[in-house]
Amino acid sequence: MLSDRLPTEGIRKKFNITKKSSGQKVVALAGNPNTGKSTIFNALTGLRQHTGNWPGKTVIQTRGTFSYGGSSYILVDLPGTYSLLASSADEQAARDFLCFAQPDATVAVADATCLERNLNLVLQVMEITSRVVVCVNLIDEARRKKISIDLEELSAQLGVPVVATAARSGLGIAELKERIHQVAFGKLTTNPRRLVYDPEIEEAVSCLEHSLKALIPPGVNSRWLSLRILEGDRTVLDAMREYSSKISYGREPAVETGHCPAGSRA
Amino acid sequence: MKQDTALPDRVLDPAGDGIIRDRVVRTIYSHAEYIAARTVKPADTRRVDWDGKIDDILTSRWLGFPVMMALLGAVIWLTVAGANVPSELIASALFRVQDWLAGLFVRAGLPSWAEGFFVHGVYRTLAWVVSVMLPPMAIFFPLFTLLEDLGYLPRVAFNLDNFFKRAGAHGKQSLTMSMGFGCNAAGVIACRIIESPRERIIAILTNVFVPCNGRFPTLITLSSVFMGGMAATAYGVAAAAAAVAGMVLAGLWVTLVTSRVLSKTLLRGMPSSFTLELPPYRKPQVGRILVRSIMDRTVFVLGRAVTVAAPAGGIVWLLANIRVGEMSVIGLLAGTLEPFGRALGLDGHILTAFILGLPANEIVLPILIMSYLSTGSMASLDSLEALRVLLVEDHGWTWITALCTMLFSLLHFPCATTLLTIRQETKSLKWTLTAALIPLAAACLVCFTVAQAARALGLC
Amino acid sequence: MQEMPLSKLPLKKRGVVTSLSAEGMARRRLLDLGLVPGTAVEAVRRSPAGDPTAFSIRGAIIALRKEDADKITVSLH
């Protein structure tokens, strides 16, 4: 396991994450804009980051620390985005962090008043990392609007723990910390819902993934990277160069496509 | 160049039409729909949609703009009306301390230059900045934050977007402008939310036309003295507030004109695609906002006063008191700039103050006062009335001088901190210089036009 | 059933997305907002300056400029 961990620590340093002790866990906070993500950040860390009500408020990555159950956590507030696919600068930042820095746990914040739209990002986060806790925030507002959410069923469908919170009043924060603790220390194994695409895409992904695995650091999600390469996302290649010691900058990653059946290039 | 452009396109997106992306997104959304359908029982649709009702007013065809003006006016009116009394209280307290400090220096037998440097230079500037800047900012920012937390800013962006589109700029520029009220450096950083590099540079270059924390109080002070007759009456307060609101609108107008000119010249191009979410209104946590933003502003203003204004005050005192022949250094500078200043409706001292105020806009007025005082004599300056006497009776200011000074303050080059931030954000010396020169040109052009027009019409 | 660009969808009317003609980053952005074919969209309000228009898309109110809404085709029921 040690050889497994070293490269990740190296990559995390590139994201300016330096742990105070080896036991400290790295937790990422992802979510759509206007879901009260910063309020969750404040509630967890006790920091008082100002939270405005407009999209794109967090332009600088904020980080803070908190302790729970005798352990210490570094919390990284990722920029609020609708997606991790469009490759804008803030989406890339969030995506690269989740993919390459491999946080020990990721809190995906969703707005209870429009869950469906928010699940889009939650599912994308779960596609990159399995160590996810879904935080259904603004639950008080949803109740006021007479929207009811079956949290148990949501957790069963997603395959990861779900916590309902009203961060402004502190509701659910203790449970959220407990779930983060469990996921970060592997006390709770998640089984995230797997997104299966059209057969042609799946076929192409599996043969791309095969050759990609040798090129990326251990633990980095090769299926997810393959999907992005297949989609034509050039920025993910830059990120691979930056965070993978096996691909030196300026050289083409030797992505083999030759042995794949022609039909897979749908 | 990044190497990956050399990758054959058949590897990246083989079909070349983004069809995989479409299918991926559709699959993810179909999962989201499936899960939501099984877990969410939607709200009763017969419920009253309050957000909709509020937006019907705030973005309505007839009321949208009047309500925006009214809110701007109300915020500024409350600021002007509320700041006056605490400003005078703080000023008189701090200047009593100044007298006591001066006495201390004398009793300790310290040389007069030491008293001058520390008491009349460092301390007096500090006192000025704190008493003039703190009260209005401690009132303005909680009010502004309240509107921000409610979710009003995206509505402003929604209402104004068409103007920005026609200027070739990005709709989110109004959000980055809003951040400029706090500090232009923060506004420049906020421009990161604008994706297109072209429109981002436009937003960065024009952010300075929003009066920041360091200039807003200057505008309020001058408006109170010249447009509001000391803001002693309700009518005076209203007139002063109207003058400040007019300045904010003038800044918006110059922003749009400059953006348009840039879009047609240096930064040619079409506006990029733009999506803006109008989030639900949230009930703001009033108590916490008040406490937080008052504290934050106090720390910000005091921090700047101690780290920038106080040392600058010392340096300016030296410049005002080191004599070269008959004249002080500042007097020489002012004398050199006098004809140029006059053409702009200002004078040499005002122009000198703006130049020496490059480190921080907060110190422009204190520098000007010190510079005027070095040629005359006056014990302390602890009220608006004393300021009026100094400006009008000793140095011949008219309301045109005040108007031109306010316009120059609104439009001139950004402070050093903002320029450094622009350098960091654009990684370009060219754009940093442009960011200094465009506002300078705008300030000179506008002031010259106003001053010459006023002169031609015989208004002064 | 009548097809039209989203920009022509009358206020307070609902349409269903049938296709997108935007390309590149603009297309990605629109997809990410959930504007995939089959999605219901309602034109909610127009800016007092005439543009942009706010649409209700999957539970959120999103404003789009005319130029962007032109690139989305909806069918009106």
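Residues numbered from 1 in each chain as written. Chains lettered and ligands numbered in written order. Predicted model: local features only at pLDDT ≥ 70, side-chain atom pairs only at ≥ 80, totals over all residues. Heavy atoms only, no water.

What follows is about the overall build of chain A. Helix and strand content of chain A: 10 helices and 7 strands. By residue count, 62% of the 266 residues in chain A fall in the buried class. The long-range fraction of contacts in chain A, counting pairs at least 24 apart against all pairs at least 6 apart in sequence, stands at 68%. For chain A, the exposed surface amounts to about 9,900 Å²; the carbon and sulfur share of it is 51%. (Helix = DSSP H or I, 4+ residues; strand = E, 2+ residues; numbered from the N terminus. Buried < 20%, exposed > 50% of the residue type's maximum accessible area, 1.4 Å probe, protein only. Contact = heavy atoms within 4.5 Å. Areas by Shrake-Rupley, 256 points an atom, 1.4 Å probe, with all protein chains shown as cover.)

Next up on the list: the pattern of salt bridges. Pairs may arise between side chains of opposite charge once their charged atoms sit close together. Taken as a whole and assessed by the stated rule, the structure comprises 27 salt bridges over all chains. With a closest N to O distance of 3.4 Å, A:R95 and A:D233 form a salt bridge. Taken together, the residues span a long stretch of sequence, with A:R95 in helix 3 (residues 89–101) and A:D233 in the loop between helix 9 (222–231) and helix 10 (235–243) at a distance of 138 residues. Note on accessibility: A:R95 and A:D233 belong to one class, buried. For the salt bridge of C:R45 with B:D56, the shortest nitrogen-to-oxygen distance reads 2.7 Å. Highlighted residues: C:R45 in strand 3 (residues 40–46) and B:D56 in helix 2 (residues 50–58), drawn from two different chains. (Salt bridge = Lys/Arg side-chain N within 4 Å of Asp/Glu carboxyl O.)

Right, let's talk about the sheet that holds strand 5 (residues 132–137) of chain A for a bit. Strands belonging to one sheet form pairs held by backbone hydrogen bonds; the direction of such a pair is parallel or antiparallel. Residue and element names in this part refer to chain A. If you trace the 6 strands from one edge of the open sheet to the other, you get 2-3-1-4-5-7, paired in mixed fashion. The open sheet has two edge strands with one neighbour each: strand 2 (62–68) and strand 7 (162–164). Shown here is a sheet whose adjacent strand axes are inclined to one another by a mean of 25°, direction ignored. Relative to strand 7, strand 5 runs parallel, the two sharing 3 bridges. Considered in strand 7, the bridge of V134 is made with V162. (Pairing = 2+ DSSP bridges. Axes fitted to C-alpha atoms, helices over the stretch in contact; angles between N-to-C directions.)

Interface extent is often summarised as the accessible area lost during association of the parts. In this complex, chain C contributes 31 residues to the contact, which on the side of chain B involves 34 residues. For chain C, the biggest contributors to the area lost against chain B are C:R45, C:P48 and C:R65; these three give 30% of the whole. The interface formed by chain C and chain B includes 7 salt bridges. Its salt-bridge partner being C:R65, residue B:D161 comes within 2.8 Å of it at the nearest N-O pair. Between chain C and chain B we count 16 residue pairs in polar contact (both at pLDDT 80 or more) in total. Listing elements by their share of the side of chain C that touches chain B, those giving two or more residues are helix 1 (24–32), strand 3, strand 4 (53–57), strand 5 (60–64) and helix 2 (66–69) of chain C. The biggest single contributor to the side of chain C that touches chain B is helix 1 of chain C, with 8 residues. Tallied by class, residues from the side of chain C that touches chain B come to 16 nonpolar, 3 polar and 12 charged. (Buried area = accessible area lost by both parts, 1.4 Å probe. Polar contact = N/O pair within 3.5 Å; in protein donor to acceptor, adjacent residues only side chain to side chain. Nonpolar A, V, L, I, M, F, W, Y, C, P; charged D, E, K, R; others polar.)

All names here are of chain B. In terms of nonpolar packing, the biggest core is built from 127 residues, with I76, F140, L205, F216, L276, W397 and F408 touching the most fellow members. With 15 residues, helix 4 (residues 112–150) is the largest single contributor of residues to this core. When neighbours within four sequence positions are excluded, I76 is seen to be in contact with F216, A241, V244, A245 and V248. (Core = buried A, V, L, I, M, F, W, Y, C linked by side-chain atoms within 4.5 Å.)

Moving on: a positive patch on the surface. Together, A:R144, A:R168, B:K283 and B:R288 make up a positively charged patch on the protein surface. Topologically, B:R288 is positioned in helix 11 (residues 286–321). (Patch = residues over 30% accessible without salt bridge, like charges linked within 9 Å, V, L, I, M, F, W, Y side chains within 5 Å. Lys, Arg positive; Asp, Glu negative; His and termini not counted. Charge placed at Lys NZ, Arg CZ, Asp CG, Glu CD.)

Turning our eyes to something else, we now look at the packing of aromatic side chains. All names here are of chain B. Enumeration according to the criterion identifies 16 aromatic pairs over all chains in this entry. Seen from their ring centres, F65 and F163 are 5.8 Å apart, and the 65° between their planes marks the pair as edge-to-face. Taken together, the residues span a long stretch of sequence, with F65 in helix 3 (residues 64–107) and F163 in helix 5 (residues 152–166) at a distance of 98 residues. By way of ring pairs, the aromatic residues F140, F141, F144, F181 and F216 are connected into one cluster. Positioned above the aromatic ring of Y281, the side-chain terminus of R155 is 4.0 Å from the ring centre. Positioned above the aromatic ring of W431 is the side chain of K430, whose terminal nitrogen or guanidinium carbon lies 4.3 Å from the ring centre. (Phe/Tyr/Trp six-rings, centres within 6.5 Å; stacked < 30°, edge-to-face > 60°. Lys NZ or Arg CZ within 6 Å of the ring centre and 35° of its normal.)

The subject of this paragraph is the pairing of strand 4 of chain C. Residues and elements named next belong to chain C. With 4 of its 5 residues buried, strand 4 lies for the most part within the structure. Here strand 3 hands over to strand 4 after 6 residues, with G50 in that stretch at a positive phi of 95°. With 5 bridges joining them, strand 4 and strand 5 adopt antiparallel strand pairing. Residue pairing for strand 5: I57 is matched across the bridge by A60.

Since there are 3.6 residues in each turn of an α-helix, residues three or four apart along the chain are aligned in direction. Residue and element names in this part refer to chain A. Burial runs high along helix 2 (residues 37–45): 8 of the 9 residues are buried. Of all the residues in helix 2, the buried ones are K37, S38, T39, I40, F41, N42, L44 and T45. Packed against the buried residues of helix 2 are strand 1 (25–31), strand 2, strand 3 (71–77), strand 4 (105–111), strand 5 and helix 7 (173–184). Of the residues flanking the end of helix 2, it is G46, one or two places downstream, whose phi is positive at about 80°.

Residues and elements named next belong to chain B. Contact pair helix 12 (residues 329–343) / helix 13 (residues 348–356): the axes reach a minimum separation of 7 Å and the direction vectors enclose 110°. As far as their axial angle goes, helix 13 and helix 12 are roughly perpendicular. The interaxial crossing formed by helix 12 with helix 13 has right-handed handedness. Listed contacts from helix 13 to I330, L333, A334, L337, E338, F340 and G341 of helix 12 are G348, H349, L351, T352, I355 and L356. In terms of residue class, the contact of helix 12 with helix 13 is built from 8 nonpolar, 4 polar and 1 charged. (Parallel < 35°, antiparallel > 145°, perpendicular 65-115°, else oblique. Left-handed = near helix turned anticlockwise from the far one by under 90°.)

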